[in-house]
Protein chains: 2
Amino acid sequence: MKTYLDCIPCFFSQALDTARIAGVDEKNQKKILDEIAGKLPDISFDFSPPRMGKNIYNIVRKYSGKDDPLEKIKEKSNNLALSIYSQLESKVFASNNPVLTAVELSIAGNIIDYGVSRQVDVKKEVENILNREVNSMNKGMFHYEEFERKLASSKNILILGDNTGEIVFDKLFIETVKAEYKEKKIIYAVREKPVINDATMKDAEACGLDKVCEVISSGSDAPGTVMSLCSEKFLEVYNNADMVISKGQGNLESLSQEKREIFFLLMAKCKVVASGIGCNVGDIVLVPGSLINI
Amino acid sequence: MKTYLDCIPCFFSQALDTARIAGVDEKNQKKILDEIAGKLPDISFDFSPPRMGKNIYNIVRKYSGKDDPLEKIKEKSNNLALSIYSQLESKVFASNNPVLTAVELSIAGNIIDYGVSRQVDVKKEVENILNREVNSMNKGMFHYEEFERKLASSKNILILGDNTGEIVFDKLFIETVKAEYKEKKIIYAVREKPVINDATMKDAEACGLDKVCEVISSGSDAPGTVMSLCSEKFLEVYNNADMVISKGQGNLESLSQEKREIFFLLMAKCKVVASGIGCNVGDIVLVPGSLINI
């Protein structure tokens with residue numbers, strides 16, 4: 001998707017939220033907002049929001065004086081998700097359709113996001129996920145049958161990871177798929193460097209993703225999958241994959257206009273994206289890219 | 001209150017919303033946002049948000065090419081409120097405590113606001129008001145007894161008006177007070193010139209406020225009551241009033257640090273203000289200034 005004018009207030013509020021979580025003092029928070037304001041007249045609206053997001057995060061990083069300003073909050077997200085892993089696993093084991101349940105949990109895990117939503121209480125949100133009735137999902141935007149058919153017929157599957165915490169839910173999905181279908185090669189992609197609360201190789205290793213599948217880097221530190229910034233190695237994997245599963249809103253924002261078939265799994269976190277999907281803000285959706293108009 | 005960093009994203013989204021409602025094209029919407037961004041480094045955070053709001057609206061006005069960009073939407077708000085006036089009146093007549101009911105309706109009328117909330121369906125909101133259970137109001141932040149005592153003992157009462165549409169609800173409040181208490185002199189203040197969807201003399205006259213009390217101008221076109229911008233005439237009325245009733249968030253933002261007693265009646269529309277009052281966003285409150293910490 002291109003960047004919309006509605007994204008501008010959001011750039012400022014995300015930067016402010018991130019700076020606060022990173023412990024940046026008020027004087028420097030203001031400097032961050034001023035620097036973003038200074039870049040505003042030169043934004044290309046043809047670029048997707050994660051491309052601007054990368055620049056914004058670099059500004060926050062600069063004023064925080066830390067390479068990975070949200071390191072602690074990310075570790076906390078991962079640890080909280082890991083602490084309920086056995087409960088998530090039991091939910092999948094008890095299900096009549098383990099892959100469906102694992103998909104639903106994997107999307108629900110997208111709630112753990114400090115990038116868009118604000119001051120989310122991870123523990124509470126995770127409890128909500130565990131208590132969530134599967135039926136409450138927006139069935140109209142939950143194209144599971146199409147997803148399952150593609151999954152069954154694909155050998156090489158690429159999953160585009162999103163946030164810390166959420167990746168633990170993805171690990172369960174990968175394990176479930178591997179138990180259900182033999183002969184699947186799953187590759188999981190993370191960001192090259194820390195950006196907002198997105199997962200990197202370090203997080204994938206800390207959560208044991210590397211024990212259940214191959215983990216690669218996108219080659220970029222944009223908070224999405226901005227093709228022009230990705231590494232050749234990543235692009236080769238992407239182009240050769242039989243199926244691409246994209247997690248979260250940042251990946252959707254950067255890939256919604258891609259020609260190839262991609263299944264987007266996310267919670268819609270803003271009006272612009274929700275309207276492009278045809279759902280409401282807060283809806284948990286599984287939708288092929290061909291149905292997204294943004 | 002001073003301006004908070006949290007107000008900055010809100011300045012951009014309010015300007016964008018207002019520009020869209022005013023029919024400004026996308027290219028000029030971007031120019032408006034760029035111009036606000038250009039002013040950002042020079043904002044004095046010691047000023048209240050309505051002081052910046054005035055400047056922002058001037059930018060919107062410039063690019064809209066109209067003196068009163070929201071003229072039509074304001075007329076619509078007034079007419080919609082007038083169209084249900086007899087229903088509101090019946091509600092007050094049927095009440096055991098007509099003044100209390102009129103106060104509650106007058107605060108609920110603050111929902112009709114295109115400045116902060118977005119794309120509000122006035123008709124629907126008004127129906128919600130009519131159906132609203134009085135008990136649903138946040139009683140903890142509804143200091144009616146104190147308000148009523150002051151009302152009973154005051155001769156000169158100044159009401160600081162806020163939005164179009166809402167002023168019709170205020171008219172009913174004024175009529176109810178005049179029917180209940182004899183010998184009250186009520187003065188109603190409106191903005192000097194159009195700003196966002198705030199009521200001016202023209203709106204007060206269109207809604208018949210001038211038939212039930214004296215209507216004066218604040219002398220300023222800030223979307224609040226910024227003392228340093230108000231006329232001498234207004235300040236004289238303000239200083240001589242036995243009781244000041246302030247409607248809406250804009251007036252609160254500009255008056256929260258005033259020494260004199262003021263009763264604030266509003267729906268809290270953002271996190272910063274809600275936290276200063278000690279209520280939740282969306283709560284309908286009646287609170288004396290001494291209890292507001294912002």
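Owing to the predicted nature of the structure, the values given are computational and were not obtained by experimental measurement.

Reading the values: the criteria
- Residues numbered from 1 in each chain as written.
- Chains lettered and ligands numbered in written order.
- Predicted model: local features only at pLDDT ≥ 70, side-chain atom pairs only at ≥ 80, totals over all residues.
- Heavy atoms only, no water.
- Least-squares fit on C-alpha atoms with pLDDT ≥ 70 in both.
- Contact = heavy atoms within 4.5 Å.
- Pairing = 2+ DSSP bridges.
- Helix = DSSP H or I, 4+ residues; strand = E, 2+ residues; numbered from the N terminus.
- Axes fitted to C-alpha atoms, helices over the stretch in contact; angles between N-to-C directions.
- Expected span 1.5 Å × (residues − 1).
- Buried < 20%, exposed > 50% of the residue type's maximum accessible area, 1.4 Å probe, protein only.
- pLDDT = per-residue confidence, 0-100.
- Buried area = accessible area lost by both parts, 1.4 Å probe.
- Salt bridge = Lys/Arg side-chain N within 4 Å of Asp/Glu carboxyl O.
- Polar contact = N/O pair within 3.5 Å; in protein donor to acceptor, adjacent residues only side chain to side chain.
- Nonpolar A, V, L, I, M, F, W, Y, C, P; charged D, E, K, R; others polar.
- Phe/Tyr/Trp six-rings, centres within 6.5 Å; stacked < 30°, edge-to-face > 60°.
- Lys NZ or Arg CZ within 6 Å of the ring centre and 35° of its normal.
- Core = buried A, V, L, I, M, F, W, Y, C linked by side-chain atoms within 4.5 Å.
- Disulfide = S-S within 2.5 Å.
- Right-handed = clockwise from strand over helix to strand, strands pointing away.

**Remarks on the relation of the copies chain A and chain B**
- At an RMSD of 0.0 Å, chain A and chain B line up after a rotation of 180 degrees and a shift of 0.0 Å along the axis. Overall, the copies show the geometry of a two-fold rotation axis.
- Of the interface residues in chain A, 100% have counterparts in chain B that sit at the interface too, so the contact is made through matching surfaces.

**Observations regarding the sheet that holds strand β3 (residues 214-217) of chain B**
Residue and element names in this part refer to chain B.
- Ordered in space as β3-β2-β1-β4-β5-β6, the 6 strands form an open sheet in which the pairing is mixed. At either end of the open sheet lies a strand with only one pairing partner, and these are β3 and β6 (284-288). Here the average twist between neighbouring strands, direction ignored, is 20 degrees.
- With 4 bridges connecting them, strand β1 (residues 156-160) and strand β4 (residues 243-247) associate as parallel partners. In the strand pairing of β4, I159 is matched with I245.
- In this fold helix α13 (residues 248-255) packs onto β1, β4 and β5 (263-267), with an angle of close to 135 degrees to the strand it touches most, β5.

**As for helix α2 (residues 26-39) of chain B**
- Between its first and last C-alpha atoms α2 of chain B spans 20 Å; for 14 residues at 1.5 Å apiece the expected length is 20 Å, and the two agree.
- Within α2 of chain B the residues assigned to the buried category are N28, Q29, K30, I32, L33, D34, I36 and A37 of chain B.
- Those residues of α2 of chain B that are buried lie in contact with α1 (7-21) and α2 (26-39) of chain A together with α1 (7-21) and α3 (49-64) of chain B.

**Some points on the confidence of the model for chain A**
- Taken over all residues, the pLDDT of chain A has a mean of 91, while the share at 70 or more is 91%.
- At the level of chain-chain contacts, confidence expressed as ipTM amounts to 0.87, with global pTM at 0.89.

**Here we look at the interface of chain A and chain B**
- Each partner contributes to the interface: chain A provides 20 residues, whereas chain B provides 20 residues.
- Contact between chain A and chain B buries roughly 1700 Å² in total, counting both sides, with carbon and sulfur atoms accounting for 68%.
- It is L5, P9 and K30 of chain A that lose the most area in chain A upon contact with chain B, and together they represent 31% of the buried surface on that side.
- At the surface where chain A touches chain B, the tally comes to 2 salt bridges.
- The shortest N-O distance in the salt bridge between D6 of chain A and R20 of chain B comes to 2.7 Å.
- Joining chain A to chain B, the criterion identifies 4 residue pairs in polar contact (both at pLDDT 80 or more).
- Considering only residue class, the side of chain A that touches chain B consists of 10 nonpolar, 2 polar and 8 charged.

**Focus on the packing of helix α5 (residues 85-93) of chain B against helix α6 (residues 98-108) of chain B**
Residue and element names in this part refer to chain B.
- Between α5 and α6, the shortest axis-to-axis distance is 8 Å and the interhelical angle comes to 145 degrees. Contacts between α5 and α6 pair L88, K91 and V92 from the former with P98, T101, A102 and L105 from the latter.
- Residue classes in the contact of α5 with α6 are distributed as 5 nonpolar, 1 polar and 1 charged.

**Digging into the sheet that holds strand β2 (residues 185-190) of chain A**
All names here are of chain A.
- Spatially, β3-β2-β1-β4-β5-β6 is the arrangement adopted by the 6 strands of the open sheet, whose pairing is mixed. The strands lining the two open edges of the sheet, one partner per strand, are β3 (214-217) and β6 (284-288). Shown here is a sheet whose adjacent strand axes are inclined to one another by a mean of 20 degrees, direction ignored.
- By the bridge criterion, 4 bridges tie β2 to β3 in an arrangement that is parallel. Note that in β3 the partner of V190 across the bridge is S217.

**Brief notes about the packing of aromatic side chains**
All names here are of chain A.
- This structure, assessed with the given rule, holds 9 aromatic pairs over all chains.
- An aromatic cluster is present here, built from Y144, F147, F173 and F263 joined pairwise through their rings.
- Its guanidinium or amino end placed over the ring of F47, R51 lies 3.9 Å from that ring's centre, counting from NZ or CZ.
- The residue whose ring lies beneath K184 is Y181, and the NZ or CZ to ring-centre distance is 5.0 Å.

**Focus: the pattern of salt bridges**
- In the structure shown here, the tally under the stated rule is 26 salt bridges over all chains.
- Taking the shortest distance from any N to any O, the salt bridge between D210 of chain A and K211 of chain A comes out at 3.7 Å.
- Assessed through its relative accessible area of 33%, D210 of chain A is described here as partly exposed.
- What makes K211 of chain A exposed here is its relative accessible area of 68%.
- A salt bridge links D198 of chain B to R191 of chain B; the nearest nitrogen and oxygen atoms lie 2.7 Å apart.

**Structural notes on the nonpolar core**
- In terms of nonpolar packing, the biggest core is built from 111 residues, with F12, L158 and I277 of chain A together with F12, L158 and I277 of chain B touching the most fellow members.
- With sequence-adjacent residues up to four places away left out, F12 of chain A is seen in contact with L33, I36, A37 and L40 of chain A together with I8, P9, F12 and L40 of chain B.

**A closer look at the state of the cysteines**
- Counting across every chain of the model gives 0 disulfides over all chains.
- With no disulfide partner, C7 of chain B has as its closest neighbouring cysteine sulfur the one in C270 of chain B, 6.4 Å distant.

**Remarks on the pairing of β2 of chain A**
All names here are of chain A.
- In terms of burial, β2 is largely enclosed, as 5 of its 6 residues are buried.
- Relative to β2, strand β1 (residues 156-160) is paired through 5 bridges, and the arrangement is parallel. Note that in β2 the partner of L158 across the bridge is I187.
- Crossover β1 to β2 through helix α9 (residues 166-180) is right-handed.

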